[in-house]
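Structure at a glance
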Amino acid sequence: MSNKKVRVRFAPSPTGPLHIGGVRTALYNYLFAKHHGGDFLLRIEDTDQKRFVEGAEEYIIESLKWLGIEPNEGQGYGGNKGPYKQSERMGMYRQYADQLIESGHGYYAFDTSEELVDIREKANKAGVSSWKYNHITRNSMKNSLTLPKDEVEKRLQNGDPYVIRIKLPREEDVRVNDTIRGWVVVNTKQMDDKVLVKNDGLPTYHLANIVDDHLMGITHVIRGEEWLPSAPLHVLLYRYLGWEAPEFAHLSLILKPTGKGKLSKRDGDKGGFPVFPINYTVPDSGDILAGYREAGYFPEAVVNLLAFLGWNPGTTQEIFSLGELINSFDLDRVGKSGAKFDPDKAKWYNQQYLRMKSNDFLADQFAEVLRTKGIDVDRSTLVKSVGLLKERAVFVEDMMEGLYLFEKPTSYDEKTVKKKWKDQTPGIMKDLGDKIMDSEPFVASNIELIFKSYLTDNELGMGAVMPNLRLLLTGKGMGPSLFEIIEILGKKEMTTRIEEGIKRITNG
RNA sequence: GGCCCCUUCGUCUAGAGGUUAGGACACCGGGUUUUCAUCCCGGCAACAGGAGUUCGAUUCUCCUAGGGGUCACCA
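From a predicted model like this one, the values you see are computed outputs, not experimental measurements. (Residues numbered from 1 in each chain as written. Chains lettered and ligands numbered in written order. Predicted model: local features only at pLDDT ≥ 70, side-chain atom pairs only at ≥ 80, totals over all residues. Heavy atoms only, no water.)

With respect to the overall build of chain A
- Across its full length, chain A carries 20 helices and 14 strands.
- For chain A, buried positions account for 50% of its 508 residues.
- As presented, chain A carries roughly 24400 Å² of accessible surface, and 49% of it is formed by carbon and sulfur atoms.
- Each charge class in chain A was averaged separately, 69 positive and 72 negative side chains, and the resulting centres sit 4 Å apart. (Helix = DSSP H or I, 4+ residues; strand = E, 2+ residues; numbered from the N terminus. Buried < 20%, exposed > 50% of the residue type's maximum accessible area, 1.4 Å probe, protein only. Areas by Shrake-Rupley, 256 points an atom, 1.4 Å probe, with all protein chains shown as cover. Lys, Arg positive; Asp, Glu negative; His and termini not counted. Charge placed at Lys NZ, Arg CZ, Asp CG, Glu CD.)

Below, the structure is given as structure tokens:
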């Protein structure tokens with residue numbers, strides 16, 4: 001590693017929503033950059049206009065923003081190495097392709113897509129599984145290596161469509177030093193003469209990414225494993241262009257929770273967990289792909305769980321703030337093998353973060369949820385309630401279970417009624433209610449005292465009284481401390497609920 | 001199929017020649033609790049297989065198997 005300032009990039013193509021594998025790649029880039037005091041840039045790779053999807057770029061930026069892993073340079077963030085969108089850099093690539101042709105490392109090819117499809121089909125029928133445009137086959141194709149020079153000139157001048165391909169050596173081991181995997185060696189005889197410039201004059205990913213990374217001063221390329229097979233090609237491109245290559249680190253993929261294969265968007269609805277950072281509305285169908293944000297996850301939890309999918313600090317600490325991650329993260333503790341996504345662990349992370357949140361913060365969030373259901377609760381009640389409810393929730397929305405703190409029960413748990421409700425219960429409840437009314441101050445600890453002395457005085461057991469009182473007050477057979485609930489409800493509400501409840505249960 | 005990558009409990013992983021192979025999630029017990037949840041305590045459970053190298057391999061090498069990725073004028 002040189003002493004140059006670290007500069008890494010996240011370079012998604014705006015073809016749709018960013019899936020969490022991509023988010024993790026962005027996160028690792030971000031953490032690596034921050035850990036080394038470097039730059040994290042965002043570059044949009046939209047050289048293929050056919051695949052452009054409206055809104056995808058905005059989606060990417062909003063996702064990173066929500067997660068708090070924003071670039072400090074790049075598309076939407078400014079910087080002096082722009083533009084950061086490849087479609088706005090179109091004039092910058094051709095000269096390098098020309099340079100390659102001049103140095104003998106590239107050539108024009110006039111074969112049409114149809115011809116190539118055709119030849120591949122024929123090869124397939126003949127038993128060749130993957131036909132390559134390579135050092136052997138290029139000799140029988142229409143290109144500037146086989147065609148007479150004046151013919152090539154003529155075609156070029158006529159404006160005949162052509163592509164520019166890289167000319168690979170016949171047989172040469174290309175070595176890629178991957179930071180995570182070590183040396184990866186591929187022989188050029190296994191590779192093909194990839195297209196660098198398409199017939200529409202635009203560069204392919206291979207050319208554009210090398211040129212951009214070089215021009216933008218990228219020092220480390222941290223990307224998904226799906227790029228590993230083409231890494232040797234990129235190494236060659238740097239060499240032929242006379243540039244120093246950045247260091248490469250290929251991240252293993254995130255796999256499906258069950259079964260095999262990499263995580264795809266369909267796994268989400270099957271497994272009941274989001275695969276995307278935030279909701280995404282598919283432009284054509286209007287379908288919504290679920291996101292972590294809308295599912296109720298905290299961004300810190302998502303960052304934390306994603307960081308641990310392939311990386312670990314070597315200690316037993318599992319809860320890391322973003323700052324702690326920046327501090328601890330480095331590529332040498334990133335694993336080589338693919339990790340199956342574990343929805344249970346994801347929930348666990350959220351639960352951990354929910355517990356750490358202040359009641360004040362949770363009250364804000366919960367108020368939001370309540371508002372969407374048309375419920376308005378005063379602040380102090382809300383804060384108290386949240387303190388009571390948070391221990392039993394994974395998501396803020398789970399606290400809706402405690403709706404009875406704000407609204408009278410609409411029904412009474414049948415199982416509890418059947419099991420606990422006896423003929424003498426109404427009398428006991430009324431009596432008990434009256435006693436509790438005398439509690440001064442009207443707080444949980446005091447209510448508990450009175451409640452217990454009532455039991456002793458009347459020689460009653462907890463099990464015979466408590467569930468019934470809970471039933472009257474909340475309609476449920478279980479829940480958090482009843483004394484706390486009573487405190488929150490207040491005297492008046494408690495009394496009316498006891499009265500109404502007795503009526504409804506006895507008549508129902 | 002060719003090429004490349006990977007392989008420790010069900011899952012995420014620690015381990016970098018000698019460990020009772022550790023932690024977390026999940027699961028199962030026990031305790032606390034009016035109850036549920038929390039919490040505490042405990043349990044279950046792994047080095048894919050085979051050859052080497054070595055006094056000794058989870059750890060190093062090779063092979064096999066399995067898994068994954070990639071083979072476009074897409075990224």
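A closer look at the domain arrangement of chain A
- Domain boundaries in chain A define domain 1 (1-75 + 252-356), domain 2 (91-206), domain 3 (357-400) and domain 4 (414-506).
- Listed per partner, the contact involves six residues of domain 3 and six residues of domain 4.
- Its largest share of buried area at the contact with domain 4, domain 3 owes to Lys384, Leu388 and Arg392, together 81% of the area lost on that side.
- Applying the counting criterion to the domain 3 and domain 4 interface returns one salt bridge.
- With a shortest N-O distance of 3.1 Å, lysine 384 and glutamate 487 are connected by a salt bridge.
- In this assembly, domain 3 and domain 4 are joined by one residue pair in polar contact (both at pLDDT 80 or more).
- Of the residues assigned to the side of domain 3 that touches domain 4, the class counts are two nonpolar, two polar and two charged. (Domains from an automatic or database assignment. Contact = heavy atoms within 4.5 Å. Buried area = accessible area lost by both parts, 1.4 Å probe. Salt bridge = Lys/Arg side-chain N within 4 Å of Asp/Glu carboxyl O. Polar contact = N/O pair within 3.5 Å; in protein donor to acceptor, adjacent residues only side chain to side chain. Nonpolar A, V, L, I, M, F, W, Y, C, P; charged D, E, K, R; others polar.)

A word on the sheet that holds strand β4 (residues 106-109)
- Across the sheet, three strands lie side by side as β4-β5-β8; this open sheet has antiparallel pairing. In the strand order of this sheet, the two ends are held by β4 and β8 (195-197), each with one partner. For this sheet, the mean angle separating the axes of adjacent strands, direction not counted, is 45°.
- By the bridge criterion, four bridges tie β4 to strand β5 (residues 163-166) in an arrangement that is antiparallel. Within β5, the position partnered with tyrosine 107 by the bridge is arginine 165. (Pairing = 2+ DSSP bridges. Axes fitted to C-alpha atoms, helices over the stretch in contact; angles between N-to-C directions.)

Overview of the protein's contact with RNA strand B
- In the vicinity of RNA strand B there are 61 residues, among which Arg181, Lys198, Lys260, Arg392 and Arg470 approach most closely.
- By atom count, sugar and phosphate contribute 71% of the portion of RNA strand B lying within 4 Å of the protein.
- A distance of 3.0 Å separates a phosphate oxygen of RNA strand B from a polar backbone atom of lysine 340.
- Only α4 (113-125), β5, β7 (182-187), β14 (339-340), α12 (343-356) and α18 (462-474) provide two or more residues apiece to the surface near RNA strand B.
- Tallied by class, the residues present in the surface near RNA strand B amount to 21 nonpolar, 17 polar and 23 charged. (Near = heavy atom within 4 Å.)

So, the pairing of strand β2 (residues 39-42)
- Both faces of β2 are covered, namely the face carrying Asp39 and Leu41 and the face carrying Phe40 and Leu42.
- Handedness of the strand β1 (residues 7-10)-helix α1 (residues 20-35)-β2 crossover: right-handed.
- Pairing analysis gives two bridges linking β2 to strand β3 (residues 73-74), with the strands arranged parallel. By the bridge assignment for β3, leucine 41 is matched with glutamate 73.
- With respect to chirality, the unit in which β2 leads through helix α2 (residues 56-67) into the neighbouring parallel β3 is right-handed. (Right-handed = clockwise from strand over helix to strand, strands pointing away.)

Here we look at the packing of α1 against helix α10 (residues 299-307)
- Close contact between α1 and α10 brings their axes to 10 Å; oriented N to C, the two are set at 85°. With respect to α10, the element α1 is oriented roughly perpendicular. Together, Ile20, Val23, Arg24, Leu27 and Tyr28 of α1 and Val303, Leu306 and Ala307 of α10 make up the contact between the two elements.
- Each residue belonging to the contact of α1 with α10 can be placed in one class, and the counts come to seven nonpolar, no polar and one charged. (Parallel < 35°, antiparallel > 145°, perpendicular 65-115°, else oblique.)

Considering the packing of aromatic side chains
- With the rule as written, the count across this model stands at 21 aromatic pairs.
- Considering the side-chain rings of tryptophan 348 and tyrosine 349, the 5.1 Å spacing of their centres and the 70° angle between planes classify their relative orientation as edge-to-face.
- What makes tryptophan 348 partly exposed here is its relative accessible area of 31%.
- For tyrosine 349, a relative accessible area of 2% gives the class buried.
- Connected via pairs of aromatic rings, a cluster forms that spans Tyr28, Phe308, Trp311, Phe320, Phe329, Trp348 and Tyr349.
- The aromatic ring of tryptophan 348 is capped on one face by lysine 345, whose charged end is 5.6 Å from the ring centroid. (Phe/Tyr/Trp six-rings, centres within 6.5 Å; stacked < 30°, edge-to-face > 60°. Lys NZ or Arg CZ within 6 Å of the ring centre and 35° of its normal.)

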